[in-house]
Amino acid sequence: MKMYLKFLSRCFRLSFVGDARYYAWMFGLTIVVLVGINAYCKQFVQGLATTGMTDQVSWGFYIANFTFLVGMAAAAVMLVIPVYIYRNRELHDLVIFGELFAIAAIVMAMLFVTVDLGRPDRGMHLLMRFNFPSSMLTWDVLVLNGYLFLNLHICGYLIYCAYRKQRPSALFYVPFVFIAIAWAISIHTVTAFLYSGLGGRPFWNSAIIAPRFLASAFAAGPAFLILTLSVLKACTSYQVPEKALMTLRSIVTIALAISMFLLISEAFTEFYTQSAHGASAHYLYLGLHGRTALVPWIWSAIALNTVALAILFTGWSRKPVVLHTACIMLIVGIWIEKGMGLIVPAFVPTPLGEIVEYVPTLNELFVTLGIWAFGLLVYTILVRVTVPVLAGRLTHDQRFRQTLEAEYAA
Amino acid sequence: MKDVRIWDGPSAATDEAQTASNPTRRSFLRIGAAAVGGMAALAAALSPLRELDPEDLPDVEEFLQKHYKEMTAVEMEAALARIRANVADRFGVEPTIRDPKPLDGVEFVYALNLSRCIGCRKCVHACVAENNQSRSPEIQYIRVIEMPRGTLDVEKGDHHYDRPQVPDTAHFYMPVQCHQCANPPCVKVCPVEATWQEPDGITVIDYDWCIGCRYCEAACPYWARRFNFAQPSLPADELNPDMSYLSNRPRERGVMEKCHFCLHRTREGRMPACLEACPTGARKFGNVLDSKSEVSEILKTKRVFVLKEEVGTLPRFFYYFDERYPNTIDPEALVIAEQLREEEGDAFGAMDVGAAGRLVIARASGMSTEETCA
Ligand code: SF4
Ligand code: SF4
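Definitions and cut-offs
Residues numbered from 1 in each chain as written. Chains lettered and ligands numbered in written order. Predicted model: local features only at pLDDT ≥ 70, side-chain atom pairs only at ≥ 80, totals over all residues. Heavy atoms only, no water. Helix = DSSP H or I, 4+ residues; strand = E, 2+ residues; numbered from the N terminus. Rg over C-alpha atoms; globule rule 2.2 N^0.38 Å. Buried < 20%, exposed > 50% of the residue type's maximum accessible area, 1.4 Å probe, protein only. Contact = heavy atoms within 4.5 Å. Areas by Shrake-Rupley, 256 points an atom, 1.4 Å probe, with all protein chains shown as cover. Lys, Arg positive; Asp, Glu negative; His and termini not counted. Charge placed at Lys NZ, Arg CZ, Asp CG, Glu CD. Phe/Tyr/Trp six-rings, centres within 6.5 Å; stacked < 30°, edge-to-face > 60°. Near = heavy atom within 4 Å. Nonpolar A, V, L, I, M, F, W, Y, C, P; charged D, E, K, R; others polar. Expected span 1.5 Å × (residues − 1). Polar contact = N/O pair within 3.5 Å; in protein donor to acceptor, adjacent residues only side chain to side chain.

Moving on: the overall build of chain A. When helices and strands are tallied, chain A shows 16 helices and zero strands. The C-alpha atoms of chain A give a radius of gyration of 22 Å, which matches the 22 Å a tight globule of 410 residues would have. Its C-alpha atoms put chain A at 70 × 50 × 40 Å along the principal axes. The burial tally for chain A puts 60% of its 410 residues in the buried class. Sequence separation of 24 or more characterises 77% of the internal contacts of chain A that already satisfy a separation of 6 or more. Accessible area for chain A stands at about 15,500 Å²; split by element, carbon and sulfur atoms hold 73% of it. For chain A, the separation between the mean place of its 27 positive charges and that of its 18 negative charges on side chains is 12 Å.

Here's what the structure looks like:
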């Protein structure tokens, strides 16, 4: 126990060590977090009237980001599967980075739900009268927390073993890894059911929502990992095997292709039938009665995804710069599509046919940025500490001074 | 790698313990400065909290109050006393607040004669006055839609019709409010059971339990729910002191509300405020389990229909057209409209505004109200 506390304190201290770039990055993030806290305090005092949400469009940017992040949290699984099911050893260490990202993503997702609440002070009502299993939101609370703890356990255990220079005992983590795989799929599915279960919102009330969620998440998550690993490769001594990046690249390509296919299927059904239920889709892609706020967004998303997919299909994307560009494009594309493109149009027009558009306010954007910055801060620290542990530079039998020396040398 | 360091680097420290417990002066100052700077920045970030009105915060009793269904009679009395004191404090009026229970053998339904509705929106405003809704931004439970004849597709309707004279005979008018569904999706989705269906068919909300997630608002197919995005404002002289726990007591910021069939009236034998306000008698309300009630009669003899039957919500709110006037407004209602115009003059035409929607939209988009209506 004492040993473990010492491990934690060393990790904590290590998170303050780095070069100028590291400090600049962390300093920048901290500033954005503070701006976000400031904006949230304003919201807390004045109510959700500080956001662009209305009775007509009652969920907006927060829930959009929440949805996107739940998807991202599955990134880990896309690495875990090749490692544990296909015994692809090269990816073994990389799994940890994926799972660390899952932790950060879930933390952000939960923060987004929390800032969306009108009465966060009554959060404990969830513990006192939990409408399970009827409300999909209660399912979501369960699966998200469960996923968070699973990943905390797996990463924590593996990293601590490396620190203690012990071989991790399979019994303590392999079963959890398999549970986590199934669990990761469940967090998407439940989050998709949150929307698709609502009969009064035809735009969501479609069986394809859950598969679309999975496909787009399995593209955006690994794409984000490619970017992280490349940063690690550039900024630290950590060796990222080329093969790992290429495995991720093929995962991203396939997932993105499936995701685009599902998008087309859905658009076809909505537009070819031309039923009254297609009003929201019409609003999203073409605008409705001259209201076109989302049209430029969705078409940029489609353009970004199409170009990214085209690049990924060619051998050209083996070049790091090209691969990174494609990854950034598709992450942005999916962020728009899964976020604004999935949440907002379901509210336009309202079930009574009124058309009210939604534009997030500045304050809402600040809160959102603050949460993103906080998540990245968490992720950076986790990665910052993990790299030396896995590289054997931070172990229990070393003095911390040695670690520091090694860090400065690295 | 060596540009900035918090610890003074390996050469200055001789061992870990020393580094930890006896950092050199320079690094100590640096950490100190960073800590002070950080605290100052955090304090600055938190500064909007200074404007928090302590009255807006829940007091201890409210914070610890149990869910409506878990409260004993004594606890409910205490809760009512607390609310009474709060209202007296805030509005300077002692309200008669109580908690009327559903009556045995009663299931309320509403029936609305679309041939008689003249679209004057008197029900909308009577409801606001009765139920202590926020006046700014104004929250309204009833939305009257001006519909072209020949369709029931609400997307073809106009919510913001603003005519100097109603009714316009090329249209019919369809008021929509909570339909008190027998299979309510809003109840199903609430994560904390803050909203539920009572035995008399009314779906209610415990305003002290709602966490404000707005899932129910997304789930309702009739757009019947309203959320307090801002602190509700209600002038003291407009307060209706006749109130109950589950219906029209003043709400707070961050909770959901909606039509509750005026349960503080109807459970005590009176009619809903919207019905009493309707000048043409288009609205009928009563107990469907009583076979001799007017609503039972209507359900038996008229060709009633419900909105969006396909979503399976089983509404307790029925519409019908008078068979005698399938394509016009009931001439009797037109006469009443004419009389009202004479009596009330401009005030009658001014009853039009769907103010709630517009105010909120205007705030959200930074537009003026005029622009939003356009
Ligand atoms: S109309 Fe809407 S709010 Fe009223 S009971 Fe039905 S689903 Fe719930
Ligand atoms: S807003 Fe309130 S009543 Fe509606 S689902 Fe959330 S907690 Fe329940």
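A few words now on the packing of aromatic side chains. Applying the stated rule across the entire model yields 41 aromatic pairs over all chains. Ring geometry for Phe7(A) versus Tyr160(A): centroids 5.1 Å apart, planes at 55°, classification tilted. Of this pair, Phe7(A) sits in helix α1 (residues 2-14) while Tyr160(A) sits in helix α7 (residues 136-164), placing them 153 residues apart in sequence. Take Phe7(A) and Tyr160(A): they sit in the same class, and that class is buried. Ring geometry for Trp59(A) versus Phe347(A): centroids 6.3 Å apart, planes at 75°, classification edge-to-face. Taken as a pair, Trp59(A) in the loop between α2 (20-46) and α3 (61-72) and Phe347(A) in the loop between α14 (340-343) and α15 (362-390) lie far apart in primary sequence, 288 residues in all. Taken together, the ring pairs in this structure connect Phe108(B), Tyr110(B), Phe172(B), Phe261(B), Phe285(B), Phe305(B), Phe317(B), Tyr319(B) and Phe321(B) into an aromatic cluster.

A few words now on the site of ligand 1. Ligand 1 sits among 14 residues. The nearest are Cys178(B), His179(B), Cys181(B), Cys186(B) and Cys220(B). In the shell around ligand 1, the residues fall into nine nonpolar, three polar and two charged.

Glancing now at unusual backbone geometry. Residue Pro133(A) is bonded to the preceding Phe132(A) through a cis peptide linkage, with omega at 0°. Tracing the backbone shows Pro133(A) in the loop between α6 (125-128) and α7. Not every positive phi belongs to a glycine, and Arg214(B) is a case in point at roughly 65°. With respect to the helices and strands, Arg214(B) occurs in the loop between β6 (203-205) and α7 (215-219). You will see that Cys262(B), though not glycine, has its phi angle at about 45°, which is positive. Secondary-structure assignment places Cys262(B) in the loop between β9 (256-257) and α8 (263-266). Given the relative accessible area of 6%, Cys262(B) is considered buried.

This part takes up α2(A). Think of an α-helix as turning once every 3.6 residues; residues three or four places apart then point the same way. All names here are of chain A. Between its terminal C-alpha atoms α2 stretches 39 Å, which fits the 39 Å expected from 27 residues at 1.5 Å a residue. Taken residue by residue, α2 has Tyr 22, Tyr 23, Met 26, Leu 29, Val 33, Leu 34, Gly 36, Asn 38, Ala 39, Cys 41, Gln 43 and Val 45 as its buried positions. Directly beyond the C-terminal end of α2, a positive phi value near 90° is found at Gly 47.

We now examine the side chain of Glu146(B). Residue and element names in this part refer to chain B. Tracing the backbone through its elements, the reader meets Glu 146 in strand β3 (residues 143-148). Its relative accessible area of 4% is what places Glu 146 among the buried residues. Separated by 2.6 Å, the side chains of Glu 146 and Arg 163 make a polar contact. For Glu 146, the residues in contact, after removing those within four places along its chain, are Gly 157, Asp 158, Tyr 161, Arg 163, Asp 168, His 171, Phe 172 and Tyr 173.

A few words now on the site of ligand 2. By nearness alone, every residue bordering ligand 2 is listed as Cys190(B), Pro191(B), Val192(B), Ala194(B), Thr195(B), Cys210(B), Ile211(B), Gly212(B), Cys213(B), Arg214(B), Cys216(B) and Met256(B). The residue inventory of the shell around ligand 2, partitioned by class, reads nine nonpolar, two polar and one charged.

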